[in-house]
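# Observations on the three-dimensional arrangement
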Amino acid sequence: MNFKNKALIAIMSLSLAFGVASAASATTWSASHPRRAEVNARLAKQNKRIDTERKDGDITKAQAQDLHAEDRGVRADERFDASNDDGHITKAEDHTLNQDENAVSQQIGK
């Protein structure tokens, strides 16, 4: 192997190691981030509300599935936002996620 190949392998190895370490530290830190915790707690509450409405017969199975799908979309957005910001979400992202949650919440129990 020539020097260029060895240098390239070393750089790639360091990049991979740094990426894994960054992902691990972001995962650890993000678990306690207040904005993420707030969004996820609200999603859990809405999930229970949807299940209760379904159990009480206030919404159909299809409506419950649609609401759960919308909540999954909000959760996916939250995870995407966090993945782009070292495991946390910004105030602007939090605001947008809350608007999305409000839209779903207004559909529950109509």
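The structure contained in this document is the topic of the report that follows. What you are looking at is a predicted structure, and each value in this text was computed from that prediction instead of being measured. Residue positions are given per chain, counting from 1 as you read along its sequence in written order. Two thresholds apply to this predicted model, a pLDDT of at least 70 for residue-level local features and 80 or more for giving and counting side-chain atom pairs, whereas whole-chain, interface and lining totals are computed over all residues. Values shown for side chains rest on all heavy atoms present in the structure; no hydrogens or waters enter the calculation.

### Thoughts on the side chain of E93
Along the chain, E93 falls in helix α4 (residues 91-107). Buried within the structure, E93 lacks any salt-bridge partner; R35 is the closest side chain of opposite charge, at an N-O distance of 7.2 Å. The definition of a polar contact used here is a pair of N or O atoms within 3.5 Å, where within protein one atom must be able to donate a hydrogen and the other to accept one, and adjacent residues in sequence count solely through side-chain atom pairs. Here T90 takes part through its backbone nitrogen, which lies 2.8 Å from a polar atom of the side chain of E93. Throughout, a contact is declared for two residues whenever any of their heavy atoms are within 4.5 Å. If sequence neighbours within four positions are ignored, E93 has contacts with D81, D85 and H88. Segments assigned H or I by DSSP are reported as helices when at least four residues long, segments assigned E as strands when at least two residues long, and all are numbered from the N terminus. We call a residue buried when its accessible area falls under 20% of the maximum for its residue type, exposed when it is over 50%, and partly exposed in between, using a 1.4 Å probe and counting protein chains only. Only four residue types enter the charge count, namely Lys and Arg as positive and Asp and Glu as negative; His and the chain termini do not. Throughout this description, the term salt bridge denotes a Lys or Arg side-chain nitrogen within 4 Å of a carboxyl oxygen of Asp or Glu.

### Focus on the environment of Q46
Along the chain, Q46 falls in helix α2 (residues 34-55). Leaving out residues up to four positions away in the same chain, Q46 has contacts with D71, E101, V104, S105 and I108.

### Some remarks on the packing of helix α3 (residues 61-83) against α4
Think of each axis as a best-fit line through the C-alpha atoms, taken over the contacting stretch in the case of a helix, with angles from 0 to 180 degrees between the N-to-C directions. Running from N to C, α3 and α4 point in directions that differ by 175 degrees, and their axes come no closer than 10 Å. Taken as axis vectors, α3 and α4 run roughly antiparallel relative to one another. Contacts between α3 and α4 involve L67, E70, D71, V74, D77, E78 and D81 from the first element and E93, L97, D100, E101, V104 and Q107 from the second. Roughly parallel covers angles under 35 degrees, roughly antiparallel covers those over 145, roughly perpendicular covers 65 to 115, and oblique covers all other angles.

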